[in-house]
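Understanding the architecture of this molecule
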Amino acid sequence: MEFPFDVVAVLGERVSVVDQHLRPAGRRGPAHRGDLEQQLRTVIDELGKASAKAQGLPAPVTSAARMESNRHVLYILRDAEGRGSSKAAVIGFLKVGYKKLFLLDHSGAHNEAEPLCVLDFYVHESLQRHGYGRELFQHMLKSERMEPWRLAVDRPSEKLLAFLRKHYGLCHPIPQVNNFVIFEGFFSNRPAPQRRPPQKRPEEEIKPYSLPERDFLREEAEPPWPFNLTAGRAGGSPVRGSLRPFLAERGPRRPTGTDGADPIRTLNGGGEGERQRRASSLGRAGR
Ligand SMILES: CC(=O)SCCNC(=O)CCNC(=O)[C@H](O)C(C)(C)COP(=O)(O)OP(=O)(O)OC[C@H]1O[C@@H](n2cnc3c(N)ncnc32)[C@H](O)[C@@H]1OP(=O)(O)O
């Protein structure tokens with residue numbers, strides 16, 4: 001994907017990491033340069049549009065404005081300097097972020113968790129199946145100190161499911177009632193690597209509970225059973241402290257709750273009647 005400006009100056013590194021401040025680490029030159037900031041916004045908006053088009057979505061789930069209002073991280077991969085075009089080109093991007101979710105384990109018990117989620121992923125059509133997606137994904141895993149089986153994926157496309165199967169052996173999804181997909185190993189007790197605890201940040205506005213990234217694309221307002229039975233609607237759900245401190249203090253982050261609680265908390269196992277309702281609910285789940 002080419003732009004009428006030098007993306008090397010805009011993005012800096014080959015894989016640039018962008019957070020809500022829209023200032024890629026490693027970019028050369030002054031930190032605040034209006035033209036570079038505007039160009040970065042253009043790059044993010046165009047990538048978001050291309051990804052939405054590739055996935056057949058009615059609207060982009062990634063834009064500069066949405067980045068500013070969420071604690072997500074974008075990994076943007078660019079071409080080598082001077083290869084093909086003197087201005088270099090953008091190859092693709094991967095967007096991740098932590099979300100509070102209710103997830104079902106193998107036994108059908110509900111677990112409250114806050115996993116790192118894959119929210120949007122795109123490689124330019126002309127460059128797919130050349131290993132660039134894997135390069136981006138590997139960079140993200142290393143940077144976030146994350147194992148692939150600990151990720152939740154927001155409504156993965158068939159291409160992404162094939163990608164995860166091929167590169168990470170993720171082929172046994174655990175059925176969920178929301179649109180997130182998790183895989184075998186998500187609930188395993190394999191110890192996660194030690195992470196530096198995040199620094200405290202002032203309280204910020206609390207986001208709706210378990211709100212999938214793409215929910216704004218749907219008209220459906222009511223969360224699926226059984227989550228519509230808890231304290232009212234999504235915004236009224238219980239919240240465990242402030243949201244995870246994010247990239248202002250960028251550094252390794254723990255997958256655990258900020259209150260030190262177990263990151264995956266079983267809510268209930270359910271009785272027989274509940275299991276039957278859950279089974280029928282699972283049958284209704286869609287993308
Ligand atoms: C949560 C979400 O973001 S869901 C949306 C995911 N994004 C999309 O579907 C947008 C369109 N697709 C893409 O942009 C890319 O194909 C990505 C991002 C999914 C993968 O990036 P790529 O650079 O193609 O991946 P990479 O080259 O590293 O790996 C290739 C593997 O990915 C999978 N894959 C990539 N393209 C396809 C395809 N057209 N059909 C089936 N599988 C595919 C395959 O497993 C492939 O291996 P193979 O060629 O041996 O069959």
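Everything below is about the structure printed above this text.
The paragraphs below set out a description of the structure included in this document. Everything quoted here is computed from the prediction, not taken from an experiment.

What counts as what
- Residues numbered from 1 in each chain as written.
- Predicted model: local features only at pLDDT ≥ 70, side-chain atom pairs only at ≥ 80, totals over all residues.
- Heavy atoms only, no water.
- Near = heavy atom within 4 Å.
- Polar contact = N/O pair within 3.5 Å; in protein donor to acceptor, adjacent residues only side chain to side chain.
- Areas by Shrake-Rupley, 256 points an atom, 1.4 Å probe, with all protein chains shown as cover.
- Nonpolar A, V, L, I, M, F, W, Y, C, P; charged D, E, K, R; others polar.
- Buried < 20%, exposed > 50% of the residue type's maximum accessible area, 1.4 Å probe, protein only.
- Helix = DSSP H or I, 4+ residues; strand = E, 2+ residues; numbered from the N terminus.
- Pairing = 2+ DSSP bridges.
- Contact = heavy atoms within 4.5 Å.
- Axes fitted to C-alpha atoms, helices over the stretch in contact; angles between N-to-C directions.
- Core = buried A, V, L, I, M, F, W, Y, C linked by side-chain atoms within 4.5 Å.
- Expected span 1.5 Å × (residues − 1).
- Salt bridge = Lys/Arg side-chain N within 4 Å of Asp/Glu carboxyl O.
- Phe/Tyr/Trp six-rings, centres within 6.5 Å; stacked < 30°, edge-to-face > 60°.

Turning our eyes to something else, we now look at the site of the ligand. Every one of the 26 residues lining the ligand counts as a neighbour, but Phe121, Arg129, Gly131, Ser157 and Lys166 are closest to it. A distance of 2.7 Å separates a nitrogen atom of the ligand from a polar atom in the backbone of Phe121. Between an oxygen atom of the ligand and a side-chain N or O atom of Gln128, the distance comes to 3.3 Å. Bound to the protein, the ligand loses 86% of the 960 Å² it would expose on its own. Considering only residue class, the shell around the ligand consists of eleven nonpolar, seven polar and eight charged.

The alternating pattern of strand β1 (residues 15–18) places Val15 and Val17 on one face and Ser16 and Val18 on the opposite face, and all of these are buried. Pairing between β1 and strand β2 (residues 72–78): four bridges, direction antiparallel. Note that in β2 the partner of Val17 across the bridge is Tyr75.

Moving on to the sheet that holds strand β8 (residues 173–174). With mixed pairing, the seven strands of this open sheet are ordered in space as β1-β2-β3-β6-β7-β9-β8. Two strands close off the open sheet at either side, each with one partner strand: β1 and β8. The sheet strands contacting helix α4 (residues 132–144) are β1, β2, β3 (90–98) and β6 (116–123), and the helix crosses β2 at an angle near 140 degrees. Across the sheet, helix α5 (residues 158–168) lies against β6, β7 (152–154) and β9 (180–183), angled at about 110 degrees from β6, the strand it touches most.

What follows covers the nonpolar core. Counting 28 residues, the largest nonpolar core has Tyr75, Leu94, Phe137, Met140, Leu151 and Leu164 as the members making the most contacts within it. Among the secondary structure elements, those contributing two or more residues to this core are β1, β2, β3, β6, α4, α5 and β9. With five residues, α4 is the single largest residue contributor to this core. Other than its neighbours up to four places away in sequence, Leu164 contacts Phe137, Val153, Gly169, Leu170 and Phe183. With 22 residues, the next largest nonpolar core counts Val43, Ala50, Leu74 and Tyr122 among its residues.

With 22 residues, helix α2 (residues 34–55) extends 32 Å from end C-alpha to end C-alpha; this agrees with the ideal 32 Å at 1.5 Å per step. Among the residues of α2, Leu36, Gln39, Leu40, Val43, Ile44, Leu47, Gly48, Ala50, Ser51 and Ala52 are the ones counted as buried. Here the buried face of α2 lies against α1 (7–11), β1, α3 (64–68), β2, β3 and β6. In the segment just after α2, Gly56 is the residue with positive phi, at about 70 degrees.

For the rest of this paragraph, the subject is the pattern of salt bridges. A complete count under the given rule lists five salt bridges for this structure. Residue Lys49 pairs with Glu46 through a salt bridge whose shortest N-O separation is 3.0 Å. In this pair, Lys49 and Glu46 both sit in helix α2, three residues apart, roughly one turn of the helix. Residue Arg155 pairs with Asp154 through a salt bridge whose shortest N-O separation is 4.0 Å. Asp154 gets classed as buried once you look at its relative accessible area, which sits at 1%.

Bringing the packing of aromatic side chains into the picture now. Applying the stated criterion to the full structure yields eight aromatic pairs. Centre to centre, the rings of Phe121 and Phe163 are 5.3 Å apart; their planes meet at 80 degrees, and the pair counts as edge-to-face. Taken as a pair, Phe121 in strand β6 and Phe163 in helix α5 lie far apart in primary sequence, 42 residues in all. The two residues Phe121 and Phe163 agree in class, both being buried. Measuring from centroid to centroid gives 5.2 Å for Phe137 and Tyr168, while their planes differ by 35 degrees, and the two rings are tilted. A residue pair is termed long-range when its members are at least 10 positions apart, and Phe137 in helix α4 and Tyr168 in helix α5 qualify at 31 residues. Judged by relative accessible area, Phe137 falls into the buried class, the value being 0%. Here the aromatic residues Phe121, Phe137, Phe163 and Tyr168 are joined through ring pairs into a cluster of three or more.

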